[in-house]
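Analysis of the macromolecular model
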Amino acid sequence: MNCKDTVLIVGELVIDYTLAQRGVMCKLRLGGIAHAARGMWAAGLKYSVAAFCPQYLVDEASHYLNEFGCKDFIWLGDVIGAPNVILIGDVTEVSHQGYEDLMSDTKVVKVNDPLPCLEAYKKIVVFPGRFDINVLANAFTEDARFSFDIAYDLEDLSSLKEFFGRVQAVIISTSSPLFMKLGKDDIGGLLNAVRALSPDVFLLKENRGGSRLFDLRNNSVEEIPATLGNTVNSVGVGDVYSSVMVGLSQKGWIEAAWRGCQAATVYSQSTFPDDIKRDLQRGFRLSLDVLQALRGTVLPWHDRQSYSIYLAGPDFSYVEKQELDHAVESLVYHNFKVRRPVLENGELKRPASNGELRCTYHMDYHLLKECDAIFAVPLDRDPGTLVEIGMAIAMGKPVITYDPRHENENTMVVVGSSVYSSDLDTCLNGMFSVIAELKAKS
C-alpha cells in the first residue's frame, strides 16, 4: 500500500457520552482520535488510524472510520480495566470541569506484541495517552516524521527523546497539565524544553485567545487569531486543529496552521459531520491572504494577567451565587486577573456602621477605578452591582454583564454594557474581545 500522502493518526479511541443539559439532548459518539479522523475527512485529507482501544470497540470503530474515509484501521493494543467511556457535562469549554473518564484509576493499556507493521507510513501525528509512547519509536522507518499533540498523560517532554531528529511539530494547549507545569508563567522554559526535541515548529493553542506558531528553524512567530462565536462543542476541537495542520504541512506550516484553525472553528460549531464538512469546504475556498485579512481575536495567555477585571456582583458568603462562582472559575481558568472587592476589601458585617460603609465604599470605588474592565453578575437585581455597572459605564470602562436569571433586561444595563447576555459562553467571548481591544490600543 502506498502511504506516502497518508497521515497516520495514533492514539486512543474512546466513547464520548454527553450528559443531558437544558436545551441539549444526550449524545453518544466515538471520541478520542476519532475527532481528528472526522476533521481529516471533512478537510478532504488522506489518513489512516492506528488505535489503542478496548477489544469490544475494534469492529465498530473500524467500520465507522471506514465510512469517514479512513484508508486503514490498525489495532495497536487493548484497554483493560476500564470501558474507555468519558462522561461530558460541559461542551463549551467555559471551565476545566465536566469530563469524567470512567474507572480511569484501574485502566491499563496492553500493547499488542508484536505490533502491526507501520513502516509504510512516513507522516504520523500522535496523541499521547496511557500507552508507552516509546514502543512506537522502533515501529517506523528512520525517515518517518512525527508530530505530537500533548494534552494529557505525558508529564515530561524528555519522554520523547527517542524521537529526537524525527519530530516535525510539537503541539500543546494551555489546558494541558504539561503547559501548566512548564509554561504557565513564562513561555521561555516551555520553548527550551520543546527545542530539545529539534522540531520544525511548535504550536501553542491558547483557546479563545488564538494560537501562536513558533518556527524554530528561523525563530519567527505567527499569531493566528480565534474566531469567536457560539460554541456548540469543544470536545476534540484541538485534535482537529492538530491533525489538519499536519495533514496540510506540505503547503508550509503557516498556511497549514491557519487551515487547521479554520477546521477547529467549524468543528466547534456543530456535532453533525456532514454540516462540518460542508462548512469547512466552503471556508477552504478562501485564499490564505483573504483568511488572514479577516483577522479575529488575539489575546495570548501570558498577556491576560496584565489587565485587571473588576468582579461586580453579590459575592457574599450568605448569598446563593452558584452562577457567579462558576463565572469566576471560568475567568480564572482562562488566566484572567479577577479582582474580587468583597474578598480583597472584606465583607461588611451586618449591620454595618456608617464609618464601615464609607470605608468600604471608598476602597471598592478605588479598586473599580484601578481595573481595566468589569465583569458584572447582578444576581437578584443586586443594587450595589447595578450601581457599579453605572459607575463603570460613566468611567468609559468596558462592562460585560452576565445575567443568568434574566433579571436585569433594562435599557441602561443592556445598552450600556459592551456585552449583555444570560449565556456565560457569550460573556466569556466578550471578555476576550474587550481585553484584546485594550491590548491592541496599548
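Presented here is an overview of the structure given in this document. (Residues numbered from 1 in each chain as written. Predicted model: local features only at pLDDT ≥ 70, side-chain atom pairs only at ≥ 80, totals over all residues. Heavy atoms only, no water.)

A word on the pattern of salt bridges. Within the structure shown, the criterion is met by 19 salt bridges. Between D149 and K205 there is a salt bridge whose closest N-O contact spans 2.9 Å. A residue pair is termed long-range when its members are at least 10 positions apart, and D149 in strand β9 (residues 145-150) and K205 in strand β11 (residues 201-205) qualify at 56 residues. D149 gets classed as buried once you look at its relative accessible area, which sits at 4%. What you see here is one network of salt bridges that share partners, running through D275, R278, D279 and R282. (Salt bridge = Lys/Arg side-chain N within 4 Å of Asp/Glu carboxyl O. Helix = DSSP H or I, 4+ residues; strand = E, 2+ residues; numbered from the N terminus. Buried < 20%, exposed > 50% of the residue type's maximum accessible area, 1.4 Å probe, protein only.)

Of all five residues making up β11, five are buried, and the element is well covered by its neighbours. Neither face of β11 is open: one carries V201, L203 and K205, the other F202 and L204, and all of them are buried. Pairing of strand β10 (residues 167-173) with β11 involves five bridges; the strand directions are parallel. Each bridged residue has a counterpart across the sheet, and for A169 the counterpart in β11 is V201. Bridge analysis of β11 against strand β12 (residues 211-215) gives five bridges, and the strand direction is antiparallel. Looking at the pairing, K205 lines up with S211 of β12. From the end of β11 to the start of β12, which pair antiparallel, there are five residues, and N207 there has a positive phi angle of about 45°. (Pairing = 2+ DSSP bridges.)

Here we come to the sheet that holds strand β14 (residues 308-312). Spatial strand order, β15-β14-β16-β17-β18: five strands in an open sheet with parallel pairing. Both outer strands of the open sheet, β15 (337-339) and β18 (419-421), are each paired with one neighbouring strand and no more. Recorded for the sheet is a direction-independent mean angle of 20° between the axes of neighbouring strands. With four bridges joining them, β14 and strand β16 (residues 373-376) adopt parallel strand pairing. Residue pairing in the sheet places I309 in a bridge with A373 of β16. In the packing of helix α12 (residues 383-395) onto the sheet, the strands contacted are β14, β16 and β17 (399-402), and the crossing angle to β17 comes to about 155°. (Axes fitted to C-alpha atoms, helices over the stretch in contact; angles between N-to-C directions. Contact = heavy atoms within 4.5 Å.)

With that out of the way, let us pick up the side chain of N84. Residue position: N84 is located in the loop between β4 (70-80) and β5 (85-88). N84 sits in the buried class, given a relative accessible area of 0%. At a separation of 2.9 Å, a polar atom in the side chain of N84 contacts the main-chain carbonyl oxygen of L13. Among residues more than four places away in sequence, those in contact with N84 are E12, L13, V14, I15, P54, V79 and K107. (Polar contact = N/O pair within 3.5 Å; in protein donor to acceptor, adjacent residues only side chain to side chain.)

Attention now goes to the environment of Q269. Within the fold, Q269 resides in the loop between α6 (253-267) and α7 (273-283). Sequence separation between Q269 and N233 is 36 residues, and the spatial gap between their C-alpha atoms is 6.2 Å. If near-sequence neighbours (up to four positions away) are discounted, Q269 is found in contact with N230 and V232.

Looking now at the nonpolar core. In this structure, I9, L13, Y47, V49 and M245 are the most contacted members of the largest nonpolar core, which totals 55 residues. If you tally residues by element for this core, the top one is α6, at nine residues. Sequence-distant contacts of M245, that is, excluding residues within four places in its chain, are made with A169, I171, L203, L213, W253, A256, A257 and G260. By size, the runner-up hydrophobic cluster in this structure holds 42 residues, among which are I74, F146, L157 and L178. (Core = buried A, V, L, I, M, F, W, Y, C linked by side-chain atoms within 4.5 Å.)

What follows is about the state of the cysteines. This model, assessed by the stated rule, comprises zero disulfides. Between C359, a cysteine without a disulfide, and C371, which holds the nearest cysteine sulfur, the sulfur-to-sulfur distance is 17 Å. Of the residues examined, C359 reaches a relative accessible area of 42% and is grouped as partly exposed. In this structure C427 is a free cysteine whose sulfur lies 18 Å from that of C371, the closest cysteine sulfur available. Residue classification places C427 among the buried residues on the basis of a relative accessible area of 0%. (Disulfide = S-S within 2.5 Å.)

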